[in-house]
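The lines below spell out each chain.
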Amino acid sequence: MTPQPMQAAVATEAVPLEPDSLAYVSAQNRDVPPAGAGEFAPLAIGPLPVWPPVVLAPMAGITNYPFRALCRDFGAGLYVSEMITARALVERNAKTLKLSGFNPDEKPRSLQLYGTDPHYVGEAVAWLVGENRVDHLDMNFGCPVRKVTRKGGGAAIPARPRLLASIVRAAVQNAGDVPVSIKFRLGIDDDIPTFLDAGRVGQEEGCAAVALHARSAAQLYDGEADWDAIGELKQAVTRIPVLGNGDIWEAGDALRMMRHTGCDGVVVGRGCLGRPWLFRDLADVFDGRMPQVPPRFGEIADIMLRHAGLLADWFGERHGVRSFRKQATWYTKGFPGGPELRSRLTQVNSLGDLEAALATADRDLPFPPEAMRMKRGKKAGRQRVALPEGYLEDRWSDAPPGPEAEDPSSGG
Ligand SMILES: Cc1cc2nc3c(=O)[nH]c(=O)nc-3n(C[C@H](O)[C@H](O)[C@H](O)COP(=O)(O)O)c2cc1C
């Protein structure tokens, strides 16, 4: 199929579309045609073929089995677990073991690991692989949280390429046939970029792919991701796939990112919060179709109940439903009457509470087009990145920073 702009594709597409479907394509994506036949290859992460070339970003507190299952039901691709700390895994911490688990229906099983010490990383990987608990490992080197970077962990690690290399090596050498990828940010801030070094380290140490969240640690989640930098990384890392991450809010964004940067796949974070059907849209556009009109509120309420039900099964009803409260605010973002409904939803303690709250809403409400690009999951704002005293004066050190640089509750 010859790629056509989105507008032309509406007129010629065989699948009947509601007339207002273009209201859900933002101005920047109006002229973006769905993928042409053969335009993009499946992403190959080592032996794992991934089609469409789409990865659910690891998100702490979110990408547990229930959310992965929900997203997977809508689409296809690779669905990464939330971050698991190597040391806690080695110590067989009960909560960590629970979070690191997969359901038998999950294939491939993709786990994100965080560690700052090659010894613990090696032990954790050897155990995960030896027990046949994973099919893919991603390693997090992008955490911008102050209490982690000020001890030399998270996004501070790539500023010391030899330390980064030693941690990655420990993972790859213990992973056997299980492919390992690494995920990192642009750098500490505008003045201290680290992503090109990190990409080269990943490639040299035998990673199967690298992923760039195209923001610095100083930027946190603020402003726009710098897609040009993803293109730069793609030029520098030529032997393994390069994944781009940052600001995929609509399916058209993924196509634009891949066409603009030449990257091999996309990693989708906040765009799917409260919108797991984004993975259906992504599967559609990569297979040459227009995305469908987003669900109306009634269907969204059913998806919410399913999501909360899966969380209740996985974590127990009380904990599962309470952890759903923040998700409920994302599902209802932008809907008229949202604030009142949201205040009820943020107090639910049981599936019954949730059902009762949702029953008060109008099932016919269409999805608000302005909610397509509304930010979710993290507050705006930047930071001055805290690093250990003298950290940048000894960038060739490979000394592990110690256990205080690991905070299991933080993310990337
Ligand atoms: C709530 C939340 C938790 C996150 N936790 C992690 C994490 O544990 N590991 C990680 O590598 N990145 C984490 N991230 C970062 C995302 O994986 C992703 O890099 C980031 O959100 C940028 O992509 P986006 O613009 O599509 O959201 C987290 C992001 C959010 C919003």
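Please read these numbers as outputs of a predicted model, since none were measured by experiment.

Reading the values: rules and limits
Residues numbered from 1 in each chain as written. Predicted model: local features only at pLDDT ≥ 70, side-chain atom pairs only at ≥ 80, totals over all residues. Helix = DSSP H or I, 4+ residues; strand = E, 2+ residues; numbered from the N terminus. Rg over C-alpha atoms; globule rule 2.2 N^0.38 Å. Buried ≥ 20, exposed ≤ 12 C-beta atoms within 10 Å, placed from the backbone. Contact = placed C-beta atoms within 7 Å. Core = buried A, V, L, I, M, F, W, Y, C linked by C-beta atoms within 7 Å. Domains from an automatic or database assignment. Pairing = 2+ DSSP bridges. Axes fitted to C-alpha atoms, helices over the stretch in contact; angles between N-to-C directions. Right-handed = clockwise from strand over helix to strand, strands pointing away. Parallel < 35°, antiparallel > 145°, perpendicular 65-115°, else oblique. Left-handed = near helix turned anticlockwise from the far one by under 90°. Nonpolar A, V, L, I, M, F, W, Y, C, P; charged D, E, K, R; others polar.

(A) How the structure looks around the overall build of the protein chain. Regarding its fold elements, the protein chain presents 15 helices and 10 strands. For 412 residues, the compact-globule estimate of 2.2 N^0.38 gives 22 Å, and the C-alpha radius of gyration of the protein chain, at 21 Å, lies within 12% of that figure. Each principal axis of the C-alpha atoms in the protein chain carries an extent, and together these give about 60 × 50 × 40 Å. Taken across its 412 residues, the protein chain has 51% of its residues classed as buried. Counting contacts in the protein chain only where the partners sit at least 6 residues apart, residues at least 24 apart contribute 73% of the total.

(B) Main features of the nonpolar core. One finds L137, A171 and V268 to be the most contacted residues of the largest nonpolar core, which totals 116 residues. Considering every element that reaches this core, the biggest residue donor is helix 12 (residues 297-315), with eight residues. Counting contributing residues per domain, this core is built from domain 1 (42-292) and domain 2 (297-367), each supplying no fewer than three. Residues contacting A171, with those up to four places away along its chain left out, are V121, V125, L137, M139 and V180.

(C) Looking closely at the domain arrangement of the protein chain. Assigned domains within the protein chain: domain 1 (42-292) and domain 2 (297-367). Measuring from the centre of the C-alpha atoms in domain 1 to the corresponding centre in domain 2 gives 28 Å. Contacts between domain 1 and domain 2 engage eight residues on the former and 10 residues on the latter.

(D) Local environment of the sheet that holds strand 3 (residues 54-56). On the basis of which strands lie adjacent, the closed barrel formed by eight strands has the order 3-4-5-6-7-8-9-10 and parallel pairing. Averaged over neighbouring strand pairs, the angle between their axes works out to 25° when direction is ignored. Relative to strand 7 (residues 180-185), strand 6 (residues 136-141) runs parallel, the two sharing five bridges. Across the sheet, F141 pairs through a bridge with F184, a residue of strand 7. With respect to the sheet, helix 8 (residues 195-204) is in contact with strand 6, strand 7 and strand 8 (209-213), its orientation differing from that of strand 7 by roughly 175°. Helix-sheet contacts for helix 9 (residues 227-236) involve strand 8 and strand 9 (242-245), and the interaxial angle to strand 9 is about 175°.

(E) Representation of the environment of Y114 in the model. Among the secondary structure elements, Y114 is positioned in strand 5 (residues 110-114). A tally of 33 C-beta atoms within 10 Å means that Y114 is categorised as buried. A sequence separation of 104 residues divides Y114 from A218, and the C-alpha atoms of the two residues are 20 Å apart.

(F) Spatial organisation of the pairing of strand 7. In terms of burial, strand 7 is largely enclosed, as six of its six residues are buried. Side-chain alternation along strand 7 places V180, I182 and F184 on one buried face and S181, K183 and R185 on a second face that is also buried. Two strands pair when backbone bridges link them, and strand 7 and strand 8 are joined in this way by five bridges, in the parallel orientation. Bridge assignment links I182 to a residue of strand 8, and that residue is V210. After leaving strand 7, the chain enters helix 8 and then returns to the sheet as strand 8, a path that is right-handed.

(G) View of the packing of helix 5 (residues 118-130) against helix 7 (residues 161-174). Contact geometry of helix 5 with helix 7 gives a least axis separation of 8 Å together with a crossing angle of 20°. With respect to helix 7, the axis of helix 5 lies roughly parallel. The crossing of helix 5 and helix 7 is right-handed. Within the contact between the two elements, helix 5 uses P118, V121, G122, V125, A126 and V129 and helix 7 uses S166, I167, R169, A170, A171, Q173 and N174. Among the residues forming the contact of helix 5 with helix 7, the class breakdown is eight nonpolar, four polar and one charged.

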